[in-house]
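Spelled out, the chains give:
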Amino acid sequence: MEDNEVTYPVYSPASVIGIFSNALKLNATVNLIYLKGRYAYGGGKSYGNYYYDLLFSEGDHTSIGIRISSLLRSKITNNEIYTLRGFIEKSIKNSSIELRFVVDEIVHQEERSISEEELQKYGLIQKKLKVGSKDLETLIRDKMLTDEKVKVANIYGNNAIVQKDFSEGLDVSRQYFEIDDHSCNITSSTAIISKLNEISVLEYDIIALVRGGGDRQSMETFNDLSLSELFIALRSVTITAIGHTVDETLLDKLADKRFHLPHDYGAGLHAIAEKLSHERSNSRALLIDEVKKDVTKQFSEQVETLEKQLKKKNEEFAEAQKTYKEQVENHNKTFTEQLKVRNEEFQKLQVSSGKQLEDLQKNFQEQQKQRQAEMESYKKEIAVLHEKNVQSAINEKTSSLQINLETLKQENVRLNQEVQNSKTDYVKIIIAFVLALIIGFILAKVF
């Protein structure tokens, strides 16, 4: 019997990816489904009238990409819990499959419940409001009037490099302050509590938490309830400068004074010290000038001057009344005209807005029709590919069975010839009979 050449299908990487992409036909990719989770804004820019955001699971940080139209996106509030209706679309890049949820409708927005921790934070804020905030400018003024230096304790993170930013902001006003730097693990509330307990007995006038920035996750340290409780109990003026201009932590709300950045903190102290220094200089100059003058002469001149000024002021007041009356009348007339113009503009704006809303609704309906047509096209393409794959497999199996049948037929002919050559050989007859039965069985299976 001759050897038969083995045949097998050969695929390219692109064809393998295409086969698996077409095989991922699930109900979730065809039918509308509902997703619930915490909505988070993405890059903030729209592409083709669509935004690309994220939806996070409520219990963990697992997320799925979101594609949403600008109209629906305008009704979404960041970091709120929503139930959304839509469908899953998939795209394959190289050998990875990316899933994205396309929002069709905002079904429900869940009301945020107030947790026990939030109630405790609210209680601390109320406690701080009841106690009141210590005034930083008053503290510095009192110290400067008695020529005492303001004792300051700045708490930095280990290996921090923002001390230079603070010093640059403070500039030449450093002469009015006695500043001590303390360091700890500023991302650990326990470490900060330990450091505050350590320096609170040293009678500093100001205690400040200073940090140059960092990731948002580490900001949770400054929302710790135990740390906040200790912070508002400090006798010193409390300051925060923890590097985030957007986020406001609980400690920022409880501090007597908040600065966004370390440089702002130094510059703030410099501005207060410079202001008070100028005030004191002006006060001394005025006092020296008054002492030089003769009190009696000065009093007489002042009385005469005041009488002249009073007469002049009365004349100015009468003139001012007349001018004011004219201005009021002109202002009322102008305001009436402007109000009329504004009303006309508002009516035009209402008409324009209504037209724009109708255009948006029409555009949305057209997009829906287009999406439905695309879905029908995808279904037809998948059906055609499936039919081709099934037909290819049938043809391949049929070809293999035909080759086996031809081989068996040749073997049957050879055995028949041997039977004719040796009719008395009963063993060969039996073998031929058995082979014939096998061939018949195979043929019956095939056809």
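Residues numbered from 1 in each chain as written. Predicted model: local features only at pLDDT ≥ 70, side-chain atom pairs only at ≥ 80, totals over all residues. Heavy atoms only, no water.

### Things to note about the overall build of the protein chain
Helix and strand content of the protein chain: 12 helices and 11 strands. Counting across all 447 residues of the protein chain, residues that qualify as buried make up 26%. For the protein chain, contacts bridging at least 24 residues in sequence account for 67% of all contacts bridging at least 6. Per element, the accessible surface of the protein chain, about 31300 Å² overall, is 53% carbon and sulfur. (Helix = DSSP H or I, 4+ residues; strand = E, 2+ residues; numbered from the N terminus. Buried < 20%, exposed > 50% of the residue type's maximum accessible area, 1.4 Å probe, protein only. Contact = heavy atoms within 4.5 Å. Areas by Shrake-Rupley, 256 points an atom, 1.4 Å probe, with all protein chains shown as cover.)

### With respect to the packing of helix α7 (residues 189-199) against helix α8 (residues 225-233)
At a minimum axis distance of 9 Å, the contact between α7 and α8 shows a crossing angle of 20°. It follows from the interaxial angle that α7 and α8 lie roughly parallel. In the crossing of α7 with α8, the sense of the turn from one axis to the other is left-handed. Contacts from Ser 189, Ile 192, Ile 193, Leu 196 and Asn 197 in α7 reach Ser 226, Leu 227, Leu 230 and Phe 231 in α8. In terms of residue class, the contact of α7 with α8 is built from 6 nonpolar, 3 polar and no charged. (Axes fitted to C-alpha atoms, helices over the stretch in contact; angles between N-to-C directions. Parallel < 35°, antiparallel > 145°, perpendicular 65-115°, else oblique. Left-handed = near helix turned anticlockwise from the far one by under 90°. Nonpolar A, V, L, I, M, F, W, Y, C, P; charged D, E, K, R; others polar.)

### Looking at the confidence of the model for the protein chain
The predicted model of the protein chain has a mean per-residue pLDDT of 82, with 83% of residues at 70 or higher. Within the protein chain, no element has a lower average pLDDT than helix α2 (residues 27-30), which sits at 57, and none a higher one than strand β9 (residues 206-210), at 96. (pLDDT = per-residue confidence, 0-100.)

### Considerations on helix α5 (residues 136-145)
All buried positions along α5 are accounted for by Leu 136, Leu 139, Ile 140, Lys 143 and Met 144. Angularly, the buried residues of α5 cover 125° about the axis, an arc narrow enough to put them on a single face. Between the side-chain oxygen at the start of α5 and the backbone nitrogen of Glu 137 there is a gap of 3.4 Å, and the oxygen is on Asp 135. Once α5 finishes, Asp 147 follows within two positions and takes phi at roughly 55°, a positive value. (Arc of directions from axis to C-beta. Polar contact = N/O pair within 3.5 Å; in protein donor to acceptor, adjacent residues only side chain to side chain.)

### A short note on the sheet that holds strand β8 (residues 177-184)
Across the sheet, 5 strands lie side by side as β8-β7-β9-β10-β11; this open sheet has parallel pairing. Two strands in the sheet have a free side with no partner beyond their single neighbour: β8 and β11 (257-258). Bridge analysis of strand β7 (residues 150-157) against β8 gives 8 bridges, and the strand direction is parallel. If you follow Asn 154 over to β8, its bridge partner there is Asp 181. (Pairing = 2+ DSSP bridges.)

### As for a nonpolar patch on the surface
Judged by side-chain polarity, Ile 430, Phe 433, Val 434, Leu 437, Ile 438, Phe 441 and Ile 442 come together as a nonpolar surface patch covering roughly 680 Å² of accessible area. By the element assignment, Phe 441 lies in helix α12 (residues 426-446). (Patch = residues over 30% accessible without salt bridge, like charges linked within 9 Å, V, L, I, M, F, W, Y side chains within 5 Å. Salt bridge = Lys/Arg side-chain N within 4 Å of Asp/Glu carboxyl O.)

### Some remarks on the packing of aromatic side chains
Applying the stated rule across the entire model yields 5 aromatic pairs. Geometrically, the ring pair formed by Tyr 39 and Tyr 41 is edge-to-face, given 6.3 Å between the ring centres and 80° between the ring planes. On the basis of relative accessible area, Tyr 39 is assigned to the buried category, the value being 0%. Relative to Tyr 82, the ring of Tyr 39 has its centre 6.4 Å away and its plane inclined at 80°; by these criteria the two rings are edge-to-face. With Tyr 39 in strand β1 (residues 33-40) and Tyr 82 in strand β5 (residues 81-93), this residue pair connects regions lying 43 residues apart in the sequence. We classify Tyr 82 as buried; its relative accessible area is 1%. These aromatic residues form a ring-pair network of at least three members: Tyr 39, Tyr 41 and Tyr 82. Here the guanidinium or amino end of Arg 73 rests over the ring plane of Tyr 51, the centre of that ring lying 4.1 Å away. (Phe/Tyr/Trp six-rings, centres within 6.5 Å; stacked < 30°, edge-to-face > 60°. Lys NZ or Arg CZ within 6 Å of the ring centre and 35° of its normal.)

### Looking at the pattern of salt bridges
Enumeration according to the criterion identifies 19 salt bridges in this entry. Lys 275 is the partner of Glu 137 in a salt bridge, and the nearest nitrogen-oxygen pair spans 3.1 Å. With a gap of 138 residues between them, Glu 137 in helix α5 and Lys 275 in helix α10 (residues 262-292) connect regions that are remote in the sequence. Notably, a salt bridge pairs Lys 143 with Glu 148, separated by 3.6 Å at the nearest N-O pair.

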